[in-house]
Amino acid sequence: MIRCWSLHFSPLSRFDMTSICDVDQRITEGCSREESKTPLLRCLDECGKHTSCIGASFITHERKCFIHDDCPAIPVCSKPSPNHEFYARKCVYGVWNVTTLSCDCEFHTFGDRCEKVHEKCSDLPLAGYPGGSYRLLVDPNQDGNLHIIHCATLDNDYSAIGVLINKGGLNFNRTWRQYEDGFEDDDEYWIGLKTWHVLSTISGYDTMVFVLLFSNSAVEYRYHTNFVVGDEASDYSFSFVYSDTNYLKDSPSDFRVGNCMGVVEHVSFSTWDKDNDENSTINCASHVGNGWWHPKDCNNPCNFLSWAIDDWANTPSHQRLSFDMPKFKTIASNVDSLSIYLD
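Residues numbered from 1 in each chain as written. Predicted model: local features only at pLDDT ≥ 70, side-chain atom pairs only at ≥ 80, totals over all residues. Heavy atoms only, no water.

(A) Main features of the overall build of the protein. Counting its regular elements, the protein contains 7 helices and 17 strands. Taken over 343 residues, the protein has a buried fraction of 46%. In the protein, 57% of the contacts between residues at least 6 apart in sequence involve partners at least 24 apart. With the model as given, the accessible surface of the protein reaches about 16700 Å², and the carbon-plus-sulfur share is 48%. (Helix = DSSP H or I, 4+ residues; strand = E, 2+ residues; numbered from the N terminus. Buried < 20%, exposed > 50% of the residue type's maximum accessible area, 1.4 Å probe, protein only. Contact = heavy atoms within 4.5 Å. Areas by Shrake-Rupley, 256 points an atom, 1.4 Å probe, with all protein chains shown as cover.)

Rendered as structure tokens:
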């Protein structure tokens, strides 16, 4: 029987051509076997049926095909095998390492082909990760819809997801699409409204935590519970349950956040290119310089994106972060970063 493949479904579409080493030793160790007189596509198809197979190689002038399994006895490449055209199984979320003949996984994915992703940040300690910050590819609902998130340790809790890190270096004057999809640069980022919606409505990450890190390492936390961000049809408006509980760690005694999100509950998210605010004369996002849930007067007391951390004195008043506290201007120069987390 003649077996035909279309280009899209050809076994070649599941492999990348690269190089292989130590074929003779691999055969001796029982990690590789010859499939004599077997066409390349059929050899690749056979490899694809076995999870232990890392790829197949072909010697064109001899019409010999070899199927190669993982070989712990040969951990690194020592002797190239240039006569072999080697086709490695694709690394789904990683890149092929020609030295170790294995996939180097990105975004902390795992599996032989980097084909497996975590469901949530709290999976990390179970996988042996120490406390810290990690950029993670996750499938929160195990439905194939993947999201890039930033996991962080918050009060020794591994489950916190970063929504925002603002250290004063990232430009937040972005388009609607960018705010939907998220953006980042170095160690500052915005998670994206699409991902925030999924995490808050389906995955149970509905506690919003404001974090202010002071130059003396003191931290101020503020919690909003049941914080749920709507979908695109609602322009990502949100609802939450207010609590006047503050958790303070050596931060100034007059520092009280208050219900800073209450004034914009059920208000649509707005950007300079999609004006959803209720101000008929001013585009608040353009006026303030960033997307957010802007109130009618454009003065949102909890806009963590509009604050110029390193230049308070020269920042226009309407672009300053302002809380209901008398001495915030005095302590503003001592704040190193503003962050929002989900827990």
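(B) Up close: the environment of Ile340. Mapped onto the fold, Ile340 is located in strand E17 (residues 335-342). Along the sequence, Ile340 and Gly162 sit 178 residues apart, while their C-alpha atoms lie 6.2 Å from each other. Apart from the residues lying within four places of it in its own chain, the contact partners of Ile340 are Ile161, Gly162, Val163, Leu164, Met208, Val209, Phe210, Trp292 and Phe304.

(C) Local environment of the confidence of the model for the protein. Looking at the protein as a whole, its pLDDT mean stands at 79, while 79% of the residues score no less than 70. This stretch, residues 1-9, has a pLDDT under 50; its non-local contacts, to residues over four places away or in other chains, come to 10 contacts. A low-confidence stretch, residues 308-313 stays under pLDDT 50, and its non-local contacts, those more than four residues away or across chains, total 15 contacts. (pLDDT = per-residue confidence, 0-100.)

(D) Region of the structure containing unusual backbone geometry. Even without glycine at this site, Asp22 takes up a positive phi of about 55 degrees. Structurally, the position occupied by Asp22 is in the loop between strand E1 (15-18) and helix H1 (23-28). Positive phi, normally seen in glycine, also occurs at His108, with a value near 60 degrees. Tracing the chain through its elements places His108 in the loop between strand E7 (102-105) and helix H3 (123-126).

(E) How the structure looks around the sheet that holds E1. One open sheet holds the 5 strands; their spatial order is E1-E5-E3-E4-E2, and the pairing between them is antiparallel. In this open sheet, the two strands that pair with only one neighbour each are E1 and strand E2 (32-36). Looking at each pair of strands side by side, their axes are set apart by 25 degrees on average, direction ignored. In terms of strand pairing, strand E3 (residues 53-59) meets strand E5 (residues 85-89) through 4 bridges, oriented antiparallel. Bridging from a neighbouring strand, Phe58 pairs with Glu85 of E5. Running over the sheet, helix H2 (residues 40-47) touches E1, E2, E3, strand E4 (64-69) and E5 and is turned about 165 degrees from E3. (Pairing = 2+ DSSP bridges. Axes fitted to C-alpha atoms, helices over the stretch in contact; angles between N-to-C directions.)

(F) Quick peek at the pairing of E3. Summarising burial for E3: 7 of the 7 residues are buried, a large majority. In this sheet, E4 lies alongside E3 in antiparallel orientation, the contact comprising 6 bridges. Bridge pairing in E4 links Ala56 to Ile67. The antiparallel hairpin formed by E3 and E4 contains 4 residues in its connecting segment, where Arg63 sits at a positive phi of about 50 degrees.

(G) Structural context of the pattern of salt bridges. Inspection of the entire model under this criterion finds 13 salt bridges. Between Arg33 and Glu35 there is a salt bridge, with its nearest N and O atoms 3.4 Å apart. Among the residues examined, Arg33 registers a relative accessible area of 33% and is labelled partly exposed. When the shortest N-O distance is used, the salt bridge between Lys167 and Asp187 registers 2.7 Å. With a gap of 20 residues between them, Lys167 in the loop between strand E10 (157-166) and helix H4 (176-181) and Asp187 in the loop between strand E11 (183-185) and strand E12 (188-190) connect regions that are remote in the sequence. Through salt bridges that share partners, Arg33, Glu35 and Asp69 make up one connected network. (Salt bridge = Lys/Arg side-chain N within 4 Å of Asp/Glu carboxyl O.)

(H) Local environment of the state of the cysteines. By the definition in use, this model includes 8 disulfides. Bridging Cys31 to Cys71, the disulfide has an S-S length of 2.0 Å. Every disulfide takes its handedness from the sign of the S-S torsion; for Cys31 and Cys71 that torsion is 60 degrees, giving right-handed. Of the two residues, Cys31 sits in the loop between H1 and E2 while Cys71 sits in the loop between E4 and E5, which places them 40 residues apart along the sequence. (Disulfide = S-S within 2.5 Å.)

(I) Representation of helix H5 (residues 193-201) in the model. Most of H5 is tucked away: 7 of the 9 residues are buried. All of the buried residues along H5 are Leu193, Thr195, Trp196, His197, Val198, Leu199 and Ser200.

(J) Fine view of the nonpolar core. Judged by nonpolar contacts, the single largest core of 42 residues is most densely connected at Ile149, Trp190, Trp196, Met261, Trp293 and Phe304. Among the nonpolar cores identified, the runner-up in size contains 11 residues, and Cys43, Cys47, Ala56 and Ile67 belong to it. (Core = buried A, V, L, I, M, F, W, Y, C linked by side-chain atoms within 4.5 Å.)

(K) Fine view of H2. If you check which residues of H2 are buried, you get Leu40, Cys43, Leu44, Asp45 and Cys47. Where H2 is buried, its residues meet E1, E2, E3, E4 and E5.

(L) Geometry of the side chain of Ser268. With respect to the helices, strands and loops of the structure, Ser268 is situated in the loop between strand E16 (246-249) and helix H6 (284-288). Setting aside anything within four residues of it in sequence, one finds Ser268 in contact with Ser234, Asp235, Ser237, Asn276, Trp292 and Trp293.

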